[in-house]
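# Secondary and tertiary structure notes
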Amino acid sequence: MHSLDGHGTCETMTHRFYIVDVFAERSYSGNQLAVVVGAEALSDETMQQLAAETNYSETTFVTPEPEDDGGYRVRIFTPAREIAFAGHPILGTAWVLRHHIASEASGPVRLNLAVGQVPVSFEVSSEGGEVAWFLAPPVSLGMTCDREPIAAALGVSPEDIEASFPVQQISAGTSAMIVPLRSLDALRRSKLDLDAFATLGAEGFPPLVYLFCRQTHHPQNNLCARFFFEAHGVREDPATGNGAAFLGAYLLEHRFFPGPLLSVRIEQGYEIRRPSLVMLRARMVDGSREVSVGGYVIPTVRGELM
């Protein structure tokens, strides 16, 4: 990448970038993320163009030095816009910082996002791999809606949606609709139609929809999920960390599982050939919901911007 110095001379600036697969149990699965180091030297326009160039669901831009509070400034862009909070970019960016930027630091990696500082910790799983965990910012539960309009927008019948639990908007920097489905078959058949969604959009619901069901592809997992969002048309996320954080608050609020503590394994990405595993922990602490989301991170590419 090139810029002009004060004398009009062309000066080369190096920006390292890394591509990692987040919530992946093997390479070329999970959710892809590009992490660009050196955000302070890039314009907003350039960051947006680079995010559109990678065309991943998100690309992050991080400063290589911590700020006064010990956190690294991170900005998150979809191919269409900047967003305040997203799960897999948090884990992937923290992994890059831990392994390539601040490898000698101890303790959690702290990311300074638009929603505030988010700590990311690392622990060894029972299988021996390194799991990255982020503590979600406060999550708020919002409006509910009837089954009929969201069923029409998803191309399923109202009977495919669980009647015992609500369709509800959940927010933390970004917002999404949580839709509980009755079967894996209904999950497979779902597809977001933006035209059919327009009525809900006019009521203030976002065109970001997180669907889940109890049936799974693998018996060791607890839930299966899909996530649709609007970015230059409808896209589907292979694995959605912020959606899992929203789901954690939803599951606690509506007592989807018995008991005050949740430890849930969520499958995602099977319909788009990017199998993913999202780990979720949630509990009530002094009357407030505490939600953590974890997953494996696997590096695939590193290089420099031209």
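This is a predicted model, so every value here is computed, not measured.

## A look at the pattern of salt bridges
For side chains bearing opposite charge, pairing can occur when the charged atoms are close. Tallying each qualifying case throughout the model produces 12 salt bridges. Two residues, Arg283 and Glu290, come together in a salt bridge whose shortest N-O distance is 2.8 Å. Residue classification places Glu290 among the partly exposed positions, given a relative accessible area of 27%. Several salt bridges converge on common partners, so that one network encompasses Asp44, Arg75 and Glu82.

## Focus: the UniProt feature "active site" (unreviewed entry) in the protein chain
What UniProt calls "active site" (unreviewed entry) maps, in this numbering, to Glu58. By the secondary structure assignment, Glu58 is in the loop between helix 1 (44–54) and strand 5 (59–62). The residues contacting Glu58, other than those within four sequence positions of it, are Gln32, Leu33, Ala34, Ile76, Phe77, Thr78, Ile83, Ala86, His88 and Pro89.

## Overview of the pairing of strand 19 (residues 288–295)
Looking along a regular strand, one sees the side chains alternate between the two faces of the sheet. Two elements, strand 10 (residues 130–135) and strand 19, share four bridges in a ladder whose sense is antiparallel. Each bridged residue has a counterpart across the sheet, and for Trp133 the counterpart in strand 19 is Gly294. Bridge analysis of strand 18 (residues 276–285) against strand 19 gives seven bridges, and the strand direction is antiparallel. When the bridges of strand 19 are listed, Ala282 appears paired with Val291. Here strand 18 folds back onto strand 19 in antiparallel fashion, the turn holding two residues, of which Asp286 has a positive phi close to 50°.

## Quick look at the state of the cysteines
Under the definition given, this model contains zero disulfides. Not part of a disulfide, Cys213 finds its nearest cysteine sulfur in Cys224, a span of 5.4 Å.

## Thoughts on helix 6 (residues 241–253)
Over its 13 residues, helix 6 runs 19 Å from end to end, which matches the ideal 18 Å to within 8%, given 1.5 Å per residue. Of all 13 residues in helix 6, 12 are buried; the element is thus mostly enclosed. For helix 6, every residue scored as buried is listed here: Gly241, Asn242, Gly243, Ala244, Ala245, Phe246, Leu247, Gly248, Ala249, Tyr250, Leu251 and Leu252. A positive phi of about 50° marks Arg255, the residue just after helix 6.

## Considering the layout of surface pockets
Of the voids in this model, the largest pocket is the one considered here, and its volume is about 240 Å³. Lining the largest pocket are 23 residues, and of these Glu58, Thr78, Arg81, Leu208 and Phe229 sit closest to its centre. Sorting the residues of the lining of the largest pocket by element identifies helix 2 (87–101), strand 13 (174–180), strand 15 (223–230) and helix 6 as the ones contributing at least two each. The residue inventory of the lining of the largest pocket, partitioned by class, reads 11 nonpolar, eight polar and four charged. Counting contributing residues, the lining of the largest pocket receives three or more from each of domain 1 (15–135 + 298–305) and domain 2 (140–291).

## Section: the environment of Leu277
Mapped onto the elements of the fold, Leu277 is located in strand 18. The buried category is assigned to Leu277, whose relative accessible area is 2%. Apart from residues no more than four positions distant in its own chain, Leu277 is found in contact with Phe23, Glu25, Asn221, Arg265, Ile266, Gly294 and Gly295.

## Points about the domain arrangement of the protein chain
Partitioning the protein chain into structural domains gives domain 1 (15–135 + 298–305) and domain 2 (140–291). Between domain 1 and domain 2, the C-alpha centre-to-centre distance is 24 Å. Each side of the interface is counted separately: domain 1 has 27 residues, and domain 2 has 23 residues. In this assembly, domain 1 packs against domain 2 so that about 2100 Å² is buried in total across both faces, 56% of it on carbon and sulfur atoms. The largest share of the area that domain 1 buries against domain 2 comes from Phe23, Phe85 and Trp133, three residues that together contribute 29% of it. Where domain 1 packs against domain 2, one counts two salt bridges. Linking domain 1 with domain 2 are 11 residue pairs in polar contact (both at pLDDT 80 or more), by the criterion used here.

## Looking at the pairing of strand 8 (residues 109–113)
Buried residues dominate strand 8, accounting for four of its five residues. Of the strand pairs in this sheet, strand 8 and strand 9 (residues 116–124) are connected by five bridges, and their pairing is antiparallel. Bridging from a neighbouring strand, Leu111 pairs with Val118 of strand 9. Linking strand 8 to strand 9, which pair antiparallel, is a turn of two residues.

Thresholds, definitions, all that
Residues numbered from 1 in each chain as written. Predicted model: local features only at pLDDT ≥ 70, side-chain atom pairs only at ≥ 80, totals over all residues. Heavy atoms only, no water. Salt bridge = Lys/Arg side-chain N within 4 Å of Asp/Glu carboxyl O. Buried < 20%, exposed > 50% of the residue type's maximum accessible area, 1.4 Å probe, protein only. UniProt positions renumbered as here; feature names shortened; annotations may be inferred. Helix = DSSP H or I, 4+ residues; strand = E, 2+ residues; numbered from the N terminus. Contact = heavy atoms within 4.5 Å. Pairing = 2+ DSSP bridges. Disulfide = S-S within 2.5 Å. Expected span 1.5 Å × (residues − 1). 1 Å grid on protein atoms, 1.4 Å probe; cavity = no way out; pocket = protein on both sides within 12 Å on 5 of 7 lines; lining within 4 Å. Points joined across faces, edges and corners; volume = space filled by probe spheres on them. Nonpolar A, V, L, I, M, F, W, Y, C, P; charged D, E, K, R; others polar. Domains from an automatic or database assignment. Buried area = accessible area lost by both parts, 1.4 Å probe. Polar contact = N/O pair within 3.5 Å; in protein donor to acceptor, adjacent residues only side chain to side chain.

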